[in-house]
There are 2 protein chains.
Amino acid sequence: MLIVKKFGGSSVADPERINNVADRCIEDYKKGHKVVVVLSAMGKTTDALLSKAQTINPNAPKREVDMLLATGEQTSVALMAMAVAAKGVPAISLNAFQVAMHTTSVYGDARFKRIDTERIYNELDSGRMVIITGFQGINRRDDLTTLGRGGSDTTAVALAAALRADACEIYTDVEGVYTADPRIVSKARKIKEITYDEMLELATLGAKVLHNRSVGLAKKYRVQLVVRSSLNREEGTIVKEVTDVEGMLVNGVAVDKNAARIAVLGVKNEPGIAFRIFDELAKHNINVDVILQSIGRDDTKDISFTVDQTQAKDAVACLRENQERLTIKTIKEEKNVAKLSVVGAGMQSNAGVAAKMFEALYDVGVNIRMIATSEIRITVLIDLEDVDVAMRAVHDKFFHD
Amino acid sequence: MLIVKKFGGSSVADPERINNVADRCIEDYKKGHKVVVVLSAMGKTTDALLSKAQTINPNAPKREVDMLLATGEQTSVALMAMAVAAKGVPAISLNAFQVAMHTTSVYGDARFKRIDTERIYNELDSGRMVIITGFQGINRRDDLTTLGRGGSDTTAVALAAALRADACEIYTDVEGVYTADPRIVSKARKIKEITYDEMLELATLGAKVLHNRSVGLAKKYRVQLVVRSSLNREEGTIVKEVTDVEGMLVNGVAVDKNAARIAVLGVKNEPGIAFRIFDELAKHNINVDVILQSIGRDDTKDISFTVDQTQAKDAVACLRENQERLTIKTIKEEKNVAKLSVVGAGMQSNAGVAAKMFEALYDVGVNIRMIATSEIRITVLIDLEDVDVAMRAVHDKFFHD
């Protein structure tokens, strides 16, 4: 079997943990498997490097930032290869150049285009464990790129796809994917199996266990993922196309506290106005999420939408600049809101999920401000202060046994 | 003009010094020169990485050690490119992969084979300052190699040769090459010009200002070097083929305190014995320096030689193992010895240099234990405790005005 195993920064934060990871990888190696290990930078290395760059140049060229950050994973993989070798197993570390992991050119947010597999297969065939830098690639100029935060998950999935691996295991500091955040919902339980689409909704909505781009890639190339803990032997969560656990109405409850709601009021009720508003925002690279449109007074429209909190300021500035042209009377911004979502492949064939969710919120007196749905997700916008109560109520409703 | 400027680890140890180096490089850039900067790892980074490796695996594979160490220079060049960019000058950092600096495969002690210049010229032509990792290369497997301690000097010279640079400046924390170590000989003075051969003898003998391999490479490709301080504007020392200062009998006095003397006594006086002894040592990669052979008692020979102190133990062990076969009666090792040398291209055409040196030592009562000479060098082995007195006496004799 060919296994890709990915370990995050906290799993390799110090020599002791590096040795722990080495032991786990050697277990699989000794069972006769071919083992490819993907690592992030040790502990808080990436943050430390970024702050060093900040001291020297607050507007450092992004190409140079990626050149700097790439040293983090290279350090991890070299040390891991040493740790594995110390335990008598032949190992070799490879960076983005050595593998030839080709990406697009966008520094800090690159995407994989093509991964060469020859060197990896050669090393595996000569009996070595292969330890590869996550998070980084090279573009067509041979410059180093990085994939953005959480990019090592994506590296692991991309490698698993390129190598046609039999398994892709993502090790984190939690035991898997939960029905809700266990720190808030004490009754939250670990999900045994979840579909790509469900995981994608949960990842996008801030479950933070898996990087959402990695889930999309896994879906595209049908790479079955296992999310499990690097600290214990629990089974973890399997992410795959179709789960064996059919009929689960809802598989998880997720919260996103980084939302902001922007309302534009009194817009002229004529065709094309909504298009012009969202086109203007798109031109400024502002990602709009939930959108709600209603008829206002005097034959005008009110349009509300949510954006990531970090983009709220830019969104408002962009609208103000074009306020007249876009026929906007008033622009309002609300920061203290959160998105609460239930996700489940089962809801496609089951009516009443929305009603059940709204009932749960009604029972605890939580006001719903906006509603948006996809085939497998229902999201409501609520006040930030209501989040914990709402999450527990909704979770109890769907998972009460 | 195309200028290669090399700065060592202490010159880029912190953001302030990085900015200082950036300023000096920008001065040349603003004069219209094309500027290529070669950097070592910041401050004590290399030592810190080695000690990390040591914790994880005291016998770490050398390939992985080089993979680890290479991150040091990559960090320096990325930060320097940021510093230069912050001052409004376009800059780009390049590592061993990006330049394509091909070396032999010997990890930790690789030699340059070929340096591609295309990318560097392209970047220079588009108006950028180019900042390149010293000390590292890639071998034919695309694995990272390092050149051994002081290797960044060699990188600078190799780049200057490949690029046909007009100048190659080596910046250090001293002002140039001195007639003797200024910490010991207060009257030591800075040498204005020195030949490659003289510098090579001084570098090999422990002057420590320039890495000896870099001097050899400079001689081979006729790269004129300037050694100067990164902390002030003093002129430094020029290293070139023929100096304008002819007739200097002696150009410098150097000391090597890392010598050990090994004596093998009572060896059979038959042809081939000396060969067999040194062949055996060579097979164990032990570099033998000064050799002295004399007739012992009973038709036997005594052979003495010096080795680097770090190799003394291995040398003795190797001889003991073969003691019978090599017909050795006794093996003696002396550690408290030092080599004192005078170096000067002028001594080729001037008799009496040796006599002058011996007279100086006689005057201060220093006993000479062995003597060795080359065309431009006279070396004596003396007791370690005599070194400072001997150095001052010899220096005064040749440079007394």
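Residues numbered from 1 in each chain as written. Chains lettered and ligands numbered in written order. Predicted model: local features only at pLDDT ≥ 70, side-chain atom pairs only at ≥ 80, totals over all residues. Heavy atoms only, no water.

Along the backbone of chain A there are 12 helices and 20 strands. Whereas a compact globule of 401 residues would reach a radius of gyration of roughly 21 Å, chain A reaches 23 Å, a difference of no more than 12%. Expressed as lengths along the three principal axes of its C-alpha atoms, the size of chain A is roughly 80 × 55 × 35 Å. Taking all 401 residues of chain A together, 55% fall into the buried category. Long-range contacts, defined as pairs at least 24 residues apart, comprise 73% of the intrachain contacts of chain A with a sequence gap of at least 6. As displayed, chain A offers around 17,500 Å² of accessible surface, 47% of which is attributable to carbon and sulfur atoms. Looking at chain A, you have 53 positive and 54 negative side-chain charges, and the mean spots of the two groups are 2 Å apart. (Helix = DSSP H or I, 4+ residues; strand = E, 2+ residues; numbered from the N terminus. Rg over C-alpha atoms; globule rule 2.2 N^0.38 Å. Buried < 20%, exposed > 50% of the residue type's maximum accessible area, 1.4 Å probe, protein only. Contact = heavy atoms within 4.5 Å. Areas by Shrake-Rupley, 256 points an atom, 1.4 Å probe, with all protein chains shown as cover. Lys, Arg positive; Asp, Glu negative; His and termini not counted. Charge placed at Lys NZ, Arg CZ, Asp CG, Glu CD.)

What follows concerns helix α8 (residues 212-220) of chain A. Where α8(A) is concerned, the buried positions are R213(A), S214(A), V215(A), L217(A) and A218(A). Summarising the contacts, the buried residues of α8(A) are in contact with α6 (151-162), α7 (196-204) and β11 (225-229) of chain A.

Before going further, it helps to examine the environment of T306(A). Relative to the assigned elements, T306(A) resides in strand β16 (residues 300-308). Residues in contact with T306(A), not counting those within four places in the same chain, are A260(A), R261(A), N287(A), V288(A), D289(A), V290(A), K339(A), M370(A) and L381(A).

Each side of the interface is counted separately: chain B has 40 residues, and chain A has 40 residues. Together chain B and chain A conceal approximately 3,200 Å² of surface at their shared face, both sides included; 64% is due to carbon and sulfur atoms. Looking at the side of chain B facing chain A, the largest losses of area belong to I56(B), M67(B) and M82(B), adding up to 22% of the total buried there. At the boundary of chain B and chain A, one finds 4 salt bridges. Those elements that provide at least two residues to the side of chain B that touches chain A are α1 (15-30), α2 (45-56), α3 (62-86), β3 (91-94), α4 (96-99) and α5 (118-125) of chain B. Broken down by element, the residue count for the side of chain B that touches chain A peaks at 17 residues, all from α3(B). (Buried area = accessible area lost by both parts, 1.4 Å probe. Salt bridge = Lys/Arg side-chain N within 4 Å of Asp/Glu carboxyl O.)

This part covers the packing of helix α11 (residues 353-363) of chain A against helix α12 (residues 387-399) of chain A. Residues and elements named next belong to chain A. Between α11 and α12, whose axes approach to 9 Å, the crossing angle comes to 135 degrees. Considered as vectors, α11 and α12 are oriented oblique to each other. Crossing geometry of α11 relative to α12 is assigned as right-handed. Contacts between α11 and α12 involve V353, K356, M357, E359, A360, L361 and D363 from the former and A390, A393, V394, K397 and F398 from the latter. Grouping the amino acids of the contact of α11 with α12 by side-chain chemistry returns 8 nonpolar, no polar and 4 charged. (Axes fitted to C-alpha atoms, helices over the stretch in contact; angles between N-to-C directions. Parallel < 35°, antiparallel > 145°, perpendicular 65-115°, else oblique. Left-handed = near helix turned anticlockwise from the far one by under 90°. Nonpolar A, V, L, I, M, F, W, Y, C, P; charged D, E, K, R; others polar.)

Looking at chain A, pLDDT values average 91 and 97% of them are 70 or higher. At the level of chain-chain contacts, confidence expressed as ipTM amounts to 0.82, with global pTM at 0.83. (pLDDT = per-residue confidence, 0-100.)

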